[in-house]
Amino acid sequence: MSSPSKNKPAQNKGFFAAMSSGFSMFSTAMRSSVIGLLGYENLEVISPDGGQEDAEEEARRGRWKQEDRDSYWKMMQKYIGSDVTSMVTLPVIIFEPMTMLQKMAELMEYCHLLDLADKCEDPYLRMVYSASWAVSVYYAYQRTWKPFNPILGETYEMVNHNGITFISEQVSHHPPMSAGHAENEHFTYDVTSKLKTKFLGNSVDVYPVGRTRVTLKRDGVVLDLVPPPTKVNNLIFGRTWVDSPGEMIMTNLTTGDKVVLHFQECGWFGAGRYEVDGYVFNAAEEPKMLMTGKWNESMGYQPCDKDGEPLPGTELKELWRVAAVPENDKYQYTYFAHKINSFETAPKNLLASDSRLRPDRCALEMNDMSKAGAEKSSLEERQRAEKRNRESKGDKFTPRWFDATEEVTATPWGDLEIYQYNGKYVQHRAAADHSDGIDVEDVRTKEFNPWQYSD
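Since the model is a prediction, treat every value here as computed from it, not as a measurement.

Rules and cut-offs
- Residues numbered from 1 in each chain as written.
- Predicted model: local features only at pLDDT ≥ 70, side-chain atom pairs only at ≥ 80, totals over all residues.
- Heavy atoms only, no water.
- Helix = DSSP H or I, 4+ residues; strand = E, 2+ residues; numbered from the N terminus.
- Contact = heavy atoms within 4.5 Å.
- Areas by Shrake-Rupley, 256 points an atom, 1.4 Å probe, with all protein chains shown as cover.
- Pairing = 2+ DSSP bridges.
- Axes fitted to C-alpha atoms, helices over the stretch in contact; angles between N-to-C directions.
- Phe/Tyr/Trp six-rings, centres within 6.5 Å; stacked < 30°, edge-to-face > 60°.
- Buried < 20%, exposed > 50% of the residue type's maximum accessible area, 1.4 Å probe, protein only.
- Lys NZ or Arg CZ within 6 Å of the ring centre and 35° of its normal.
- Salt bridge = Lys/Arg side-chain N within 4 Å of Asp/Glu carboxyl O.

> What is the right way to read the overall build of the protein chain from this model?
When its secondary structure is counted, the protein chain shows 12 helices and 20 strands. Intrachain contacts of the protein chain at a sequence separation of at least 6 include 61% that bridge at least 24 residues. Summed over its atoms, the accessible surface of the protein chain is roughly 21,500 Å², and 51% of this surface lies on carbon and sulfur atoms.

> Sorry, what's going on with the sheet that holds strand 14 (residues 258-263) here?
In a beta sheet, neighbouring strands are held together by backbone hydrogen bonds and run either parallel or antiparallel to one another. A sheet is described by the order of its strands in space; here 12 strands give the open sequence 3-4-5-6-9-10-13-14-15-16-17-18, paired in antiparallel fashion. Each edge of the sheet is formed by a strand with only one pairing partner; in this case those strands are strand 3 (155-161) and strand 18 (317-321). Adjacent strand axes in the sheet meet at a mean angle of 15 degrees when their direction is disregarded. Here strand 6 (residues 187-193) pairs with strand 9 (residues 210-216) via seven bridges, running antiparallel. By the bridge assignment for strand 9, Ser 193 is matched with Gly 210. Sitting on the sheet, helix 6 (residues 112-119) is in contact with strand 6, strand 9 and strand 18, with an inclination near 50 degrees to strand 9.

> How do you make sense of the sheet that holds strand 7 (residues 196-199) when you look at a structure like this?
Pairing in this open sheet of four strands is antiparallel, and the strands run 7-8-11-12 from one edge to the other. The outermost strands of the open sheet, each flanked by one partner alone, are strand 7 and strand 12 (241-243). Shown here is a sheet whose adjacent strand axes are inclined to one another by a mean of 20 degrees, direction ignored. Relative to strand 8 (residues 204-207), strand 7 is paired through four bridges, and the arrangement is antiparallel. The residue bridging Lys 196 from the neighbouring strand is Tyr 207, located in strand 8.

> Just checking my understanding: could you explain the packing of aromatic side chains for this structure?
The relative placement of two aromatic rings is captured by the distance of their centres and the angle of their planes. All chains considered together, the criterion is met by 13 aromatic pairs. Ring geometry for Tyr 279 and Phe 281: centres 6.0 Å apart, planes at 55 degrees, overall tilted. Across the pair, exposure class does not vary: Tyr 279 and Phe 281 are buried alike. Considering the side-chain rings of Trp 401 and Tyr 425, the 5.5 Å spacing of their centres and the 85 degrees angle between planes classify their relative orientation as edge-to-face. Taken together, the residues Trp 401 in the loop between helix 11 (369-393) and strand 19 (402-411) and Tyr 425 in helix 12 (residues 424-433) connect sequence positions 24 residues apart. With relative accessibility at 1%, the residue Tyr 425 sits in the buried group. An aromatic cluster is defined as three or more aromatic residues linked by ring pairs; in this entry it consists of Tyr 138, Tyr 141, Phe 263, Tyr 274 and Trp 295. Sitting above the plane of the Tyr 453 ring, Lys 393 keeps its charged end 5.6 Å from the centroid.

> In this structure, what is going on with the pattern of salt bridges? I would like to understand it.
Where charged atoms from two side chains of opposite charge come close, those side chains can pair. A full pass over the atoms with the stated rule returns 23 salt bridges. As a salt-bridge pair, Arg 213 and Asp 224 come within 2.9 Å of each other at their nearest N and O atoms. Taken together, the positions of Arg 213 in strand 9 and Asp 224 in strand 10 (residues 221-226) put the pair 11 residues apart, joining distant regions of the chain. With its nearest N and O atoms 2.9 Å apart, the salt bridge here joins Glu 380 to Lys 376. Taken together, the residues Glu 380 and Lys 376, both in helix 11 and four residues apart, mark about one turn of the helix. Within the structure, one salt-bridge network assembled from shared partners comprises Glu 96, Lys 103, Glu 106 and Arg 143.

Scope: geometric values only; no functional claims are made or implied.
Structure follows, in structure tokens:
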């Protein structure tokens, strides 16, 4: 079966590796001429080792001055090979004004694709729509800023987007785990997430330990998603960039149909970066649709024969394209990311535990680094104090909107304890929406309060 990949320029990795090794001192000067010679004008140059001009670019963007890099590197060397998800106190200079709970909601930007999947009569085209939705978030995930780790009990609510109601909650601190639920008239979305990382020196591997389930309401179809891992390159030295090489697998647990998409690994001079290719298979593992595109641009599909070749008389059709984005945005936010951070998507009587209200996040959004760092330290210290208090009382933390289950599911990167949405948020939201609460404009004055105990 041939790959649905588009024709790519031939690569000679051995030649380029030798050229890089023997003439590294001339790499910056040669960069543009070599690219032009090989016909790669539209590809971004990726320097695996970084360089002086990359460091200067990062400093220009408000991050990583040389003295910061050197001191941070000395501190981080001892963590090489470790999971650094929550064990390291990181400087706010590398953060974006958003939490992991909000980042979970970014998957909802193109959720209209799930609406189309629910309405679709063709079972294979339904899988194409659903898999394209799963690919669509990777444009936002290429940002190189780190989101804040949520405080235990922190939440994020979102309304006013495609008729969905979204709620996420930090359900565990050690290990750090989040759970989320979204719903509209066409689908429900449920996720339990326990990210696992491995610090490798100047890069970090991120393993998406989690379970993502989507239920399409019309026919009760249940979809399971396993995404590829992600690698953050040049974390300290050089220009930071993100890649997600590997397979994404979406399985229809109801019918046995499956989508397998291969995310190409970025090669020299950016070759192959962003490219995604694969097939929709039926339960008998026969290809029915080919899919191809770029996760930062668009996805298309075309019916295929049993050998994976396009059917005669058909053509490649585009069904998703990334929306326009703001120019020169400091954090490379999409318009939807700004919407997530705003109170425009906040419901009436916003929970005091909502991520928008975090004082460190708000200070960073106002570019007050000193205050953001102080507030972050204060929140982390109070969380530690709460843990000591809880342990001294013999109490356990109980999430408000999700219940721990007895189910443990295997993932490619380790076992995962499953949290289940308990339905209480719908009741809370109905009551809050009909109460005489404060206006949305005044919600900014609320004090952030995810705490289990009062002062």
